[in-house]
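Working through the structure, step by step
Each chain, letter by letter, is given below.
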Amino acid sequence: MKFLHTADWHLGKIVNYVHMTDDQRYMLERFIDIVKEKEPDCIIIAGDLYDRSIPPKEAVELLNDTLTTLVNDLQIPVLAISGNHDSPDRLQFGSEMFRRQGLFLDSKLKKDREPVTLYDDHGPVHFHLIPYLEPAEAAKVFDDDSIKSHNQAAEKIINDIEHRFDSEERHVWIGHSFLAGGMESESEERLSMIGGSPYVDASLFTNFAYTALGHLHQPQRVTREYIRYSGSLLKYSFSEASHNKSVTLVHMDEDGTCEIEKIPLHPLRDFKVIEGYFEDLLSGEAVSNQEDYLHVRLLDDGQLLDPMGKLRQVYPNILHLERKRSMSNPEMDDLEHVKKRQTLSHSELFASFYEDIKGDPLPEKRKDMIEQAVHALKKKEREQ
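Computed from a predicted model, the values in this text were never measured in an experiment. (Residues numbered from 1 in each chain as written. Predicted model: local features only at pLDDT ≥ 70, side-chain atom pairs only at ≥ 80, totals over all residues. Heavy atoms only, no water.)

What follows concerns the layout of surface pockets. Of the volumes computed, that of the second largest pocket is approximately 450 Å³. As for the second largest pocket, its lining consists of 17 residues, of which Leu63, Asn64, Leu67, Phe98 and Leu103 are closest to the centre. At the level of elements, α2 (57-73), α3 (88-92) and β6 (103-106) are the ones that each hand at least two residues to the lining of the second largest pocket. With 7 residues, the top contributor of residues to the lining of the second largest pocket is α2. Tallied by class, residues from the lining of the second largest pocket come to 12 nonpolar, 4 polar and 1 charged. (1 Å grid on protein atoms, 1.4 Å probe; cavity = no way out; pocket = protein on both sides within 12 Å on 5 of 7 lines; lining within 4 Å. Points joined across faces, edges and corners; volume = space filled by probe spheres on them. Helix = DSSP H or I, 4+ residues; strand = E, 2+ residues; numbered from the N terminus. Nonpolar A, V, L, I, M, F, W, Y, C, P; charged D, E, K, R; others polar.)

So, about the environment of Ile161. Among the secondary structure elements, Ile161 is positioned in helix α6 (residues 150-164). The exposure class of Ile161 is buried, given its relative accessible area of 4%. In this structure, the C-alpha to C-alpha distance between Ile161 and Arg113, residues 48 residues apart in sequence, is 9.6 Å. Excluding anything up to four places from it in sequence, Ile161 contacts Arg113, His128, Trp173 and Phe208. (Buried < 20%, exposed > 50% of the residue type's maximum accessible area, 1.4 Å probe, protein only. Contact = heavy atoms within 4.5 Å.)

Judged by how many residues are buried, strand β9 (residues 170-176) sits mostly within the fold: 7 of 7 residues are covered. Burial along β9 is two-sided: Arg170, Val172, Ile174 and His176 and His171, Trp173 and Gly175, pointing in opposite directions, are all buried. As judged from the 5 bridges shared by strand β8 (residues 123-129) and β9, these two strands associate in the parallel manner. Paired with His126 across the strands is His171, a residue of β9. In the sheet, β9 pairs with strand β12 (residues 210-214) via 5 bridges, with the strands oriented parallel. (Pairing = 2+ DSSP bridges.)

The structure is reproduced here in structure tokens:
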């Protein structure tokens, strides 16, 4: 069995007020070229097809065009799940009808669900499509109020799989979650922490022949070669500037052993962080492609007249411009404090605001109230 693993397309993404649709279309065209070259038996998309629950029209059209090419024109089965950015209800529409065409898209957990089973010369391979879900959703499906964390939800689902299906056959988990030990970046939305940690223990997946994950944007393995994040389709923040984006080609033999090949993705415009003196940067030699998306750090100490306007005449896609931080500069210290706050979760940000205003830490009882309010708002948004 040979399959391609990808995830985190985030169609409709806007970065620093720039719509990424053209870049995503270019990359998906390259992805289709890879599919034609490698001729996989199926394609896995492990969540976050869209960047938000109500995607723009252009994003919907791009996904439709891509899936139509893969499923109808190339006749390759596509196995996809919803991620924490997707609307389960919207993605669920028409899913039963699409299955007959070879598009298997699961966005809601069902108690008695069946895997998608494909066959090669050695027999069946069972693909378990597990969409992103909050612990409360798993507790409701299994009628088990003890499920309070993402780890407990995953453990319950895996126990159900092991109980109902033949463990001697080959099984693949397709999920969208945050495994403990995985490397994150700034562009991933933090998962709910109501009732406990958002992390899932990687050891739960050791009995699967392959675990295809979405959510973390950097391609990586977690504890074992066959437990992997494919990474995002593109770089979506400057925290990902050092990432090497790829899709994962998996060759699985008759006993479930997997040979992993990472196929690099080369974007239309890259994300890069550059620094230098203003006059030197004006030469245009700071990057090989002047159309790249840039975060520019200036080393100059003196006053500059319209540096952004002048630099954009050379590098039109500068998204952020700053002076390089000086340890003795209090204004830069304040900027660093602001950046630190930008990495906080919604609940942590409110707690920080509360402490600034009241002078005392947020009481535990009120922390629970804020967590529940944030959870309710996120749930409402996902259901829209």
